[in-house]
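# Coordinate analysis (summary)
Chain residues, written in single-letter form:
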Amino acid sequence: MPKISMTVNSKQVSATVEGRTLLVQLLRDTLRLTGTHVGCDTSQCGACVVHVDGEAVKSCTCLAASCEGAHVTTIEGLAQGGTLHPMQEAFREHHGLQCGYCTPGMIMAAVDLVNRKGFDLDEQLIRSELEGNICRCTGYHNIVKAIAAGAANMSAQPVARAAE
Amino acid sequence: MYAFDYHRPQTLRQAVNLIGRTEDSKVLAGGQTLIPTLKARLANPANLIDLGAVPELRAITQKGKSIVIGAMVRHAEVAESPLVKSAIPALADLAHLIGDPHVRNRGTIGGSVANNDPAADYPAACLAMNATIITTKRKIPVDQYFQGMFTTALEEGELISAVSFPIPSRAAYAKFRNPASRYALVGVFVAVKSGETRVAVTGASNGGVYRWTEAEAALKPRFSLAPIERLAKPPSTNMNSDIHASADYRAHLVYVMTKRAVAKALGR
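Note that the coordinates shown come from a computational prediction; the quantities given were computed from them, not determined experimentally.

Criteria and cut-off values
Residues numbered from 1 in each chain as written. Chains lettered and ligands numbered in written order. Predicted model: local features only at pLDDT ≥ 70, side-chain atom pairs only at ≥ 80, totals over all residues. Heavy atoms only, no water. Helix = DSSP H or I, 4+ residues; strand = E, 2+ residues; numbered from the N terminus. Rg over C-alpha atoms; globule rule 2.2 N^0.38 Å. Buried < 20%, exposed > 50% of the residue type's maximum accessible area, 1.4 Å probe, protein only. Contact = heavy atoms within 4.5 Å. Areas by Shrake-Rupley, 256 points an atom, 1.4 Å probe, with all protein chains shown as cover. Pairing = 2+ DSSP bridges. Phe/Tyr/Trp six-rings, centres within 6.5 Å; stacked < 30°, edge-to-face > 60°. Lys NZ or Arg CZ within 6 Å of the ring centre and 35° of its normal. Domains from an automatic or database assignment. Buried area = accessible area lost by both parts, 1.4 Å probe. Salt bridge = Lys/Arg side-chain N within 4 Å of Asp/Glu carboxyl O. Polar contact = N/O pair within 3.5 Å; in protein donor to acceptor, adjacent residues only side chain to side chain. Axes fitted to C-alpha atoms, helices over the stretch in contact; angles between N-to-C directions.

## Considering the overall build of chain B
- Broken down by element type, chain B carries twelve helices and twelve strands.
- Against the compact-globule benchmark of 18 Å for 268 residues, chain B has a radius of gyration of 18 Å, which places it among compact chains.
- Dimensions of chain B along its principal axes, counting C-alpha atoms only, are 55 × 45 × 30 Å.
- In chain B, buried positions account for 59% of the 268 residues.
- Taking contacts inside chain B between residues at least 6 apart in sequence as the whole, the part at least 24 apart equals 59%.
- Surface summary for chain B: the accessible area is close to 11200 Å², and the carbon and sulfur share equals 51%.

## Re the sheet that holds strand β12 (residues 210-211) of chain B
Residue and element names in this part refer to chain B.
- Taken together, four strands build an open sheet; the order of strands is β9-β10-β11-β12 and the sheet is antiparallel. Two strands in the sheet have a free side with no partner beyond their single neighbour: β9 (170-177) and β12.
- One ladder, built from seven bridges, connects strand β10 (residues 184-193) with strand β11 (residues 196-202); its direction is antiparallel. Directly across from valine 188, in β11, lies its bridge partner valine 201.

## Things to note about the packing of aromatic side chains
Residues and elements named next belong to chain B.
- Applying the stated rule across the entire model yields three aromatic pairs over all chains.
- Relative to tyrosine 249, the ring of phenylalanine 176 has its centre 6.3 Å away and its plane inclined at 90°; by these criteria the two rings are edge-to-face. Of the two residues, phenylalanine 176 is situated in strand β9 and tyrosine 249 in helix α12 (residues 247-265); the sequence distance between them amounts to 73 residues.
- The class of phenylalanine 176 is partly exposed, set by a relative accessible area of 27%.
- In this arrangement the basic side chain of arginine 41 is found over the ring face of tyrosine 2, its NZ or CZ atom lying 4.4 Å from the centre.

## Some remarks on the domain arrangement of chain A
Residues and elements named next belong to chain A.
- We note that the domain assignment places domain 1 (3-77) and domain 2 (86-156) within chain A.
- Computed from C-alpha atoms alone, the centre-to-centre distance between domain 1 and domain 2 is 21 Å.
- Counting residues at the interface gives 18 residues for domain 1, matched by 13 residues for domain 2.
- Across the domain 1 to domain 2 interface the summed buried area is about 1200 Å²; carbon plus sulfur atoms make up 59%.
- The largest contributions to the domain 1 side of the interface with domain 2 come from His37, His51 and Ile75, which together make up 41% of the buried area.
- Summed over the shared surface of domain 1 and domain 2, the number is zero salt bridges.
- Across the contact surface, domain 1 and domain 2 share eight residue pairs in polar contact (both at pLDDT 80 or more).
- For the side of domain 1 that touches domain 2, the secondary-structure elements that each account for two or more residues are β3 (49-52) and β4 (55-58).

## Observations concerning the sheet that holds strand β1 (residues 3-8) of chain A
Residues and elements named next belong to chain A.
- Across the sheet, five strands lie side by side as β2-β1-β5-β3-β4; this open sheet has mixed pairing. Unpaired on one side and paired on the other, β2 (11-16) and β4 mark the two borders of the sheet. Within the sheet, the average angular offset between the axes of one strand and its neighbour, ignoring direction, is 40°.
- As defined by bridge partners, β3 adjoins β4 across four bridges and the pair is classed as antiparallel. The residue bridging valine 49 from the neighbouring strand is lysine 58, located in β4.
- Packing of helix α1 (residues 23-30) onto the sheet brings it into contact with β1, β2, β3 and β5 (71-73), and relative to β1 it is tilted by some 75°.

Next up, the structure:
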């Protein structure tokens with residue numbers, strides 16, 4: 001069985017996994033980082049999105065062993081101590097969640113979007129970039145508002161981008 | 001997922017050796033098709049050979065009048081590549097239309113071309129631009145490469161290392177996608193190079209990607225919309241039919257998407 005090492009939320013971790021162990025299983029079951037959710041388990045809903053080497057990926061469709069040596073950031077890695085990440089704060093402020101199931105994936109996708117496209121995001125771009133994240137509660141309006149606001153807040157706090 | 005032995009070669013040579021040494025092995029590229037297939041227990045390989053650590057398959061380069069894209073280049077990288085965007089904007093456009101942002105961060109051109117899903121996007125680009133599929137053994141002209149859905153000219157143990165696209169003078173991709181899966185219900189790639197026009201269709205036929213030769217002939221004298229508008233719609237024989245679209249509807253979409261691709265290639 002592969003022995004793997006990687007950095008998860010700035011901490012060095014090692015584990016012995018089966019070849020077939022998914023990244024999301026390593027995160028949730030072995031490392032007990034249960035903020036990352038499994039929704040559809042068929043790479044459609046995006047509840048499991050985490051960052052691998054700074055890129056958003058669906059952790060239900062990625063083997064843990066493929067992340068050997070990688071830097072992984074999960075939703076637990078965004079807040080700094082007791083202070084929410086600006087994107088998390090924006091979701092709270094704009095009521096960008098109801099049941100909260102999709103929220104970790106939404107926020108990780110949103111931070112990735114800001115990292116790729118900058119702080120000034122228009123509604124159309126946010127909506128098209130969210131096609132890999134499904135929410136079954138809010139109808140997306142408040143999520144889109146939250147992401148636009150969170151992106152703007154991130155520009156005021158550039159340190160937030162260094163969470164990778 | 002059934003259990004398998006996982007291998008992570010560090011070079012292409014190691015990967016090829018591993019395939020030769022192991023029984024019943026499958027090769028993992030970006031995993032956006034293979035991992036779901038394994039999870040659904042539709043495949044049960046004894047060995048999985050992950051190309052993720054092989055560095056020499058990750059480059060996008062220009063060689064003469066062609067753009068050469070390494071097999072492990074991700075869709076997001078093709079979509080954002082300044083070289084691809086300036087030389088073959090239609091190819092960057094196609095890559096941007098695959099899946100969603102997270103899938104595009106993992107999925108690779110080599111995986112797509114090796115799998116030859118009948119609704120995948122890259123096969124249409126390869127066929128329309130008369131690409132060459134470069135493997136660990138040889139260079140395969142695209143007209144000999146795609147051999148029906150999920151079937152290619154690749155032999156046992158042969159790996160795609162890159163795909164070489166001759167830069168066309170005009171090209172465009174028009175895709176009518178399934179809004180849930182984001183696969184092409186029908187996608188049409190048109191490309192003009194040295195006076196020759198090729199029209200490649202994906203998603204439509206139960207034989208996989210194909211060239212719509214009637215449309216190519218109609219566009220031969222002059223690349224414009226009028227000859228396509230005069231053309232008869234293709235017959236629905238051999239078109240796929242499923243819960244997403246009937247064979248008739250797909251045939252109709254082939255016609256409409258071809259018109260849209262030609263218009264786009266003309267800058268309209």
